Amino acid sequence: MNDHAINAIRGAMNKASGRNFEELIEASNEHYRMLGRAEISKTPEPMKPIKSCGKGRFVACFEKRAQPDFKGVIAGGRTVCFEAKHTDQEHIFQSVVNTEQTISLNRHMKLGAECFVLVSFGFYEFFRIPWGVWVNMKTIYGHKYITPKEAYQYKILLKNGVLDYLKAEDINT
């Protein structure tokens, strides 16, 4: 198998893992919604239709780079805005959050929103890394990536199919 084919397979696997992680988060969001703890939704990707294929189908392209993956409100009125990232590696680079997402998360944080990056390491360990820690990795850890060992204090649990990413102090009920 050539390098191009290997990279294509690796890319498809990464995309599927990211989609699975977002589905886990959406299931957790539904749990929080049912309990009245939060109303959080996936941010839709902005697309521009290019060509109609009939019957409601079309060819489209993304208009601009993505916003943070999830936005909503926590009981008590506080806004929440976060990015979700999955890796099968032993570390995750700060650069996986793109420039537009960084700008948006910075703006939300300045306005008082609860901002963070939810990270899955191999669907085995999960972390809620505060945005202030994420953007200051180089200063805090000496490099622009984080390992599960370094992120230990931000570990969250997967309980009964729910990713327990909302902390008690987030909820003002």
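Please refer to the structure placed before this passage.
What counts and what doesn't
Residues numbered from 1 in each chain as written. Predicted model: local features only at pLDDT ≥ 70, side-chain atom pairs only at ≥ 80, totals over all residues. Heavy atoms only, no water. Helix = DSSP H or I, 4+ residues; strand = E, 2+ residues; numbered from the N terminus. Buried < 20%, exposed > 50% of the residue type's maximum accessible area, 1.4 Å probe, protein only. Contact = heavy atoms within 4.5 Å. Pairing = 2+ DSSP bridges. Salt bridge = Lys/Arg side-chain N within 4 Å of Asp/Glu carboxyl O. Core = buried A, V, L, I, M, F, W, Y, C linked by side-chain atoms within 4.5 Å.

(A) Region of interest: the environment of Pro68. Within the element layout of this structure, Pro68 appears in the loop between strand S3 (57-62) and strand S4 (70-74). By relative accessible area, Pro68 is classed as buried at 0%. Distance from Pro68 to Val97, taken between C-alpha atoms, is 8.5 Å for residues 29 residues apart in sequence. Those residues in contact with Pro68 that lie beyond four places of it in its chain are Thr43, Cys81, Phe82, Glu83, Gln101, Ser104 and Leu105.

(B) View of the sheet that holds strand S5 (residues 78-87). Pairing within the open sheet is mixed, and its six strands lie in the order S1-S4-S5-S7-S8-S10. In this open sheet, the two strands that pair with only one neighbour each are strand S1 (38-42) and strand S10 (155-156). Sheet topology note: the strand S7 (residues 114-121)/strand S8 (residues 125-130) ladder contains six bridges and is antiparallel. Bridge pairing in S8 links Leu118 to Arg128.

(C) Highlighting the pattern of salt bridges. Enumeration over the complete set of coordinates arrives at nine salt bridges. Here Glu22 makes a salt bridge to Lys42, at a shortest N to O gap of 3.6 Å. Of this pair, Glu22 sits in helix H1 (residues 3-35) while Lys42 sits in strand S1, and the two are 20 residues apart along the sequence. Measuring nitrogen to oxygen at the nearest pair gives 3.0 Å for the salt bridge that ties Glu39 to Arg33. You can call Arg33 partly exposed: its relative accessible area is 26%.

(D) Structural detail: the side chain of Ser104. Along the chain, the position of Ser104 falls in helix H2 (residues 99-110). Leave out the neighbours within four places in its chain, and Ser104 touches Gln67 and Pro68.

(E) Structural detail: the nonpolar core. With 19 residues, the main nonpolar core has Val119, Ile129, Trp131, Trp134 and Ile146 as its most contacted residues. At the level of elements, S7, S8, helix H3 (131-134) and helix H4 (137-141) are the ones that each hand at least two residues to this core. Among the elements that line this core, the one with the most residues is S7, at four residues. Apart from residues lying up to four places away in sequence, Ile129 is in contact with Phe116, Val117, Val119, Trp134, Ile146, Ala151 and Tyr154. Counting residues in hydrophobic clusters, the runner-up holds 18 residues, among them Ile40, Phe82, Leu163 and Tyr165.

These figures come from the coordinates and say nothing about function on their own.
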